[in-house]
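Report on the structure
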Amino acid sequence: MQKQINQFEQAGAQVVGVSIDSGAQAAQVVQRTGATFPILADPDLKVTTQFDMQLRPEWPMGMMGQFPEMGFVIVDGQGIVRAQRVDMQFGNGAIQLLPQIKELP
């Protein structure tokens, strides 16, 4: 995500990461990766549950339990979820989301 952050910002998108780690652990991720976008700590899984990103039995590693899967959610300015997808290669395919983002009102 960080590699394409400028393209997302130019398209009017605000990138926010969500981590199941505590606040301190999420801050370490930011420091280690050099992310310039915020990473929300979600150790109680409220956000990942709200966006329905929990593992399902038919997904890869789906039998591991109630863990969130890596992926993307595009929410428009009115709070409507416009796209959602699981992405096992998290971040590598992020640039493919730009056309969807550019089409938002």
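Preceding this paragraph is the structure being described.
So, here's what we can say about the structure. Just so you know, these numbers come straight off a predicted model, no measurement behind them.

Parameters at a glance
Residues numbered from 1 in each chain as written. Predicted model: local features only at pLDDT ≥ 70, side-chain atom pairs only at ≥ 80, totals over all residues. Heavy atoms only, no water. Helix = DSSP H or I, 4+ residues; strand = E, 2+ residues; numbered from the N terminus. Buried < 20%, exposed > 50% of the residue type's maximum accessible area, 1.4 Å probe, protein only. Contact = heavy atoms within 4.5 Å. Areas by Shrake-Rupley, 256 points an atom, 1.4 Å probe, with all protein chains shown as cover. Core = buried A, V, L, I, M, F, W, Y, C linked by side-chain atoms within 4.5 Å.

1. Observations regarding the overall build of the protein chain
Within the protein chain one finds four helices and four strands. Every one of the 105 residues in the protein chain was classed for burial, and the buried ones make up 30%. Across the protein chain, the fraction of contacts at a sequence separation of at least 24, relative to all contacts at a separation of at least 6, is 33%. For the protein chain, the exposed surface amounts to about 7000 Å²; the carbon and sulfur share of it is 54%.

2. Some remarks on the environment of R85
Structurally, R85 can be placed in strand β4 (residues 81-86). Residues R85 and V73, 12 residues apart in the sequence, show an inter-C-alpha distance of 6.6 Å. Here R85 is in contact with M53, G71, F72, G93, Q96 and L97, once residues within four sequence places are set aside.

3. Side note on the nonpolar core
With 14 residues, the main nonpolar core has M1, F8, V15, F37, L97 and I101 as its most contacted residues. Elements represented by at least two residues in this core include exactly α1 (5-10), β3 (71-75) and α4 (98-102).

4. Focus: the environment of A13
In this structure, A13 sits in the loop between α1 and β1 (17-19). Residues A13 and L98, 85 residues apart in the sequence, show an inter-C-alpha distance of 9.0 Å. When sequence neighbours within four positions are dropped, the list of residues in contact with A13 reads F8 and I101.

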